[in-house]
Amino acid sequence: MKFNPAMNHVYLNDAFKSSTISINLNLPEQNASACSLGGAFPESKELVLTKDGRKVPGADRSILDRSRSCFANCRRKLFNKRTLHKRLPILRWLPMYTSEDAICDLVAGISVGLTVIPQALAYAGIAGLPVAYGLYSSFAGCFVYIFLGSCKDVPLGPSAIIALLTFQVAQGSWQISVLLCLMCGVLELAMGLLGLGFLIDFVSGPVASGFTSAVSLIILSSQIQNVLGIKANGNTFVELWKQVFLNIQDSRPTDTLLGITCIVVLLMLRMLSSYRIGPELDEQHSRCQRVANKLFWIVGTARNAILVIVCCIMGYLLHSEQHGTPFCIVGEIPPGLPSVQWPPTSLSANETTDGEPQDFFDMVHSIGSGLIVIPLISLMESIAIAKAFAFGQPTDASQELIAIGTANILNSFMQGFPGTGALSRGAVNNASGVRTPLSNVYSGTLVIVALLFLTPYFYFIPKATLAAIIISAVVFMIEIKVLKPIWRAKKTDLVPGVGTFVACLVMPLECGILIGIGVNVIFILYNVARPKLSFELLLTESGIEYLMITPDRCLIFPSVEYVRNWVNKHSMRQNVPVVVDASHVYSADFTTATVVGSLINDFHQRQQLLFFYNLKPTIYELFKQASAAQLVVYYQEHQLENLLRERHYSQKSEFA
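Residues numbered from 1 in each chain as written. Predicted model: local features only at pLDDT ≥ 70, side-chain atom pairs only at ≥ 80, totals over all residues. Heavy atoms only, no water.

**A look at the confidence of the model for the chain**
So, point 1. Per-chain confidence: the chain averages 82 in pLDDT, with 88% of residues scoring 70 or above.
So, point 2. Counted against residues more than four places away or in other chains, residues 1–45, with its pLDDT under 50, gives 91 contacts.
So, point 3. The low-confidence segment residues 652–656 (pLDDT under 50) makes eight contacts with residues lying over four places distant or belonging to another chain. (pLDDT = per-residue confidence, 0-100. Contact = heavy atoms within 4.5 Å.)

**Side note on the environment of Ala102**
So, point 1. In this structure, Ala102 sits in helix α5 (residues 99–126).
So, point 2. Sequence spacing of Ala102 and Val434 is 332 residues, and the spatial spacing of their C-alpha atoms is 9.2 Å.
So, point 3. Excluding anything up to four places from it in sequence, Ala102 contacts Tyr97 and Tyr442. (Helix = DSSP H or I, 4+ residues; strand = E, 2+ residues; numbered from the N terminus.)

**Brief notes about the side chain of Thr436**
So, point 1. With respect to the helices and strands, Thr436 occurs in the loop between α19 (423–431) and α20 (439–454).
So, point 2. Here the side chain of Thr436 touches Asp105 through a polar contact of 2.5 Å, side chain to side chain.
So, point 3. Every residue in contact with Thr436, bar those within four places of it in the chain, is listed here: Trp93, Tyr97, Asp105 and Lys152. (Polar contact = N/O pair within 3.5 Å; in protein donor to acceptor, adjacent residues only side chain to side chain.)

**Re the UniProt feature "transmembrane region" (unreviewed entry) in the chain**
So, point 1. As recorded in UniProt, the feature "transmembrane region" (unreviewed entry) lies at residues 154–170, 177–200, 256–275, 295–317, 367–389, 441–459, 466–487 and 499–526.
So, point 2. Between the end C-alpha atoms of residues 154–170 the distance is 26 Å, and the span holds 65% helix and 12% strand.
So, point 3. Along residues 367–389 one finds 87% helix and 0% strand; the C-alpha atoms at either end are 33 Å apart. (UniProt positions renumbered as here; feature names shortened; annotations may be inferred.)

**Considering the sheet that holds strand β7 (residues 578–581)**
So, point 1. Strands sit in the order β5-β6-β7-β8-β9 across an open sheet of five strands; the sheet is mixed. The open sheet has two edge strands with one neighbour each: β5 (533–539) and β9 (633–634).
So, point 2. Pairing of strand β6 (residues 545–551) with β7 involves three bridges; the strand directions are parallel. By the bridge assignment, Met548 is partnered in β7 with Val579.
So, point 3. On top of the sheet, helix α25 (residues 557–574) reaches β5, β6 and β7; it is set at about 30° to β5, its chief contact.
So, point 4. Each of β7 and β8 (610–613) is contacted by helix α26 (residues 590–605), which is oriented at about 140° to β8, the strand it contacts most. (Pairing = 2+ DSSP bridges. Axes fitted to C-alpha atoms, helices over the stretch in contact; angles between N-to-C directions.)

**Remarks on the pattern of salt bridges**
Pairs may arise between side chains of opposite charge once their charged atoms sit close together.
So, point 1. For the structure shown, the criterion picks out 10 salt bridges.
So, point 2. The salt bridge partner of Asp396 is Arg87, with a shortest N-O separation of 3.9 Å. Separated by 309 residues along the polypeptide, Asp396 in the loop between α17 (370–388) and α18 (397–413) and Arg87 in helix α3 (residues 81–87) bring together distant segments of the chain.
So, point 3. Note on Arg87: relative accessible area 27%, which makes it partly exposed.
So, point 4. Among the ionic pairs, Asp552 bridges to Arg553, the shortest N-O distance being 3.0 Å.
So, point 5. Since its relative accessible area comes to 26%, Arg553 is described here as partly exposed.
So, point 6. Because the salt bridges share partners, they merge into one network encompassing Glu100, Asp101 and Arg435. (Salt bridge = Lys/Arg side-chain N within 4 Å of Asp/Glu carboxyl O. Buried < 20%, exposed > 50% of the residue type's maximum accessible area, 1.4 Å probe, protein only.)

As structure tokens, then:
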């Protein structure tokens, strides 16, 4: 039994003393009833400042005046320096740009460019498209992000996850892939302008880890066919491995040997990028040690480009007119930049798998839930890069949506498929010392140079080499390490994570991620619907016993019936006055007000006293609509004594 009053576990709302709401907290005893029954909250009147400096009631204004005021407020919020700098981040850093920044961005841009070219060729294969489309998707977004991007480390372009999602939606059709890029861009731009970046918060860490791990395994499995030199098509993890085992007898030893060798070499070069010789402190390194360490880093960072060049030369040297090349190669790539054209909006009978022509609406229908999932995953990847290298700085998810959406819209006119930021290239960007998003201009320029002058030399690139590049990258995206911390922290978080992982392996990816988010939302709704309630028997200063019930969160429609049942159950068991401490109740809804009215009636029928302590004014006004006559609220402990005395309640506790 606690003898101290509510002061021990709630705060006093002394802010009301200086509030514009007329609340008298030190009323004499005879007026306490009026305070508790609603007299403390008179109807507020909105005062509006006119042009001539007069304050007039808002209700007296005409509709035209209200409309003008609304438009003026909107114009003031939209067209100001702060909003302009927020929506065009280049205006923040460009005036302070220095020559040192330019050098760092040049180094970072070239490093990322050497990474993105081989990755683009490989990711086009994941999307089921000719390799040229990977390059088409890799340069336009870079120039857009310079102006609209909010994170210096994000390099826009194709990514492995988005490429796989594109394949599952478009099934290798470049027309649907390009239209998907346009539709995703429009949706992402609209979401960004509407400030819907918060939607990424509904993808929890365990769900994101489960999705990323499943996608990594599917991508790895999809590249086994190129390592073995066989055909193995499928949409899910299970389908891919079924095809691999069915066709494994047709594997080509030369492709297998080359693929395994490339994987080993890439993993070794990856370790080389972090290898250092000499003392731990950079200041203690000799000149030769600094040069050697820099060389190790350059070779390790550019390992993909180096391997592609070496294998391309090897393919050219081993090629013969009679026997061709001993392994599968990329083949001819159209030279030059893609033609700027409107994305396809229809398919002829020869361009569809079922031989039936499709109009625009048929194509959009075939995209289905990909229109929701791909923008969400694109944002998730970009924000992951921003958070990984932000060092505590806030990230603007809505601005990232605007940048990615605008980039994808422009990409679609360049015949590209959807893209976003890639974590592997973001790591290269950060390690290269990038200063601003201007580094993207050098990466995009390198891709343009490759399209203009180097495409004839890409003919002899082995497919096994590109598969090795993908496998050596995605194998590190399998997040096994998160299992142990999640198990130690909260075991129930493994349910949505493992559920997402399994669903993505056996079902299409868009269904898997939606199932994971759905399971997560169910957990959230359960927590909302089942707030924690604390029950304490307390004594007033005069020794009157009462039951203090404290909910730990807001009361909204999923939880209010649950709270009502528990309050009734404990109050009938104790048969003493009940005080509901509303200090943690910051919001409520109409259903809550209705159920609270029913709860008050429950107490009234059994002639038991019910009071509310520290109820917020806005919630009080809401509750008052449901039960104005019987709602009793107080804000100071001594008022409870007055309320009990007025109601002639004098029962003493047996422990008093």
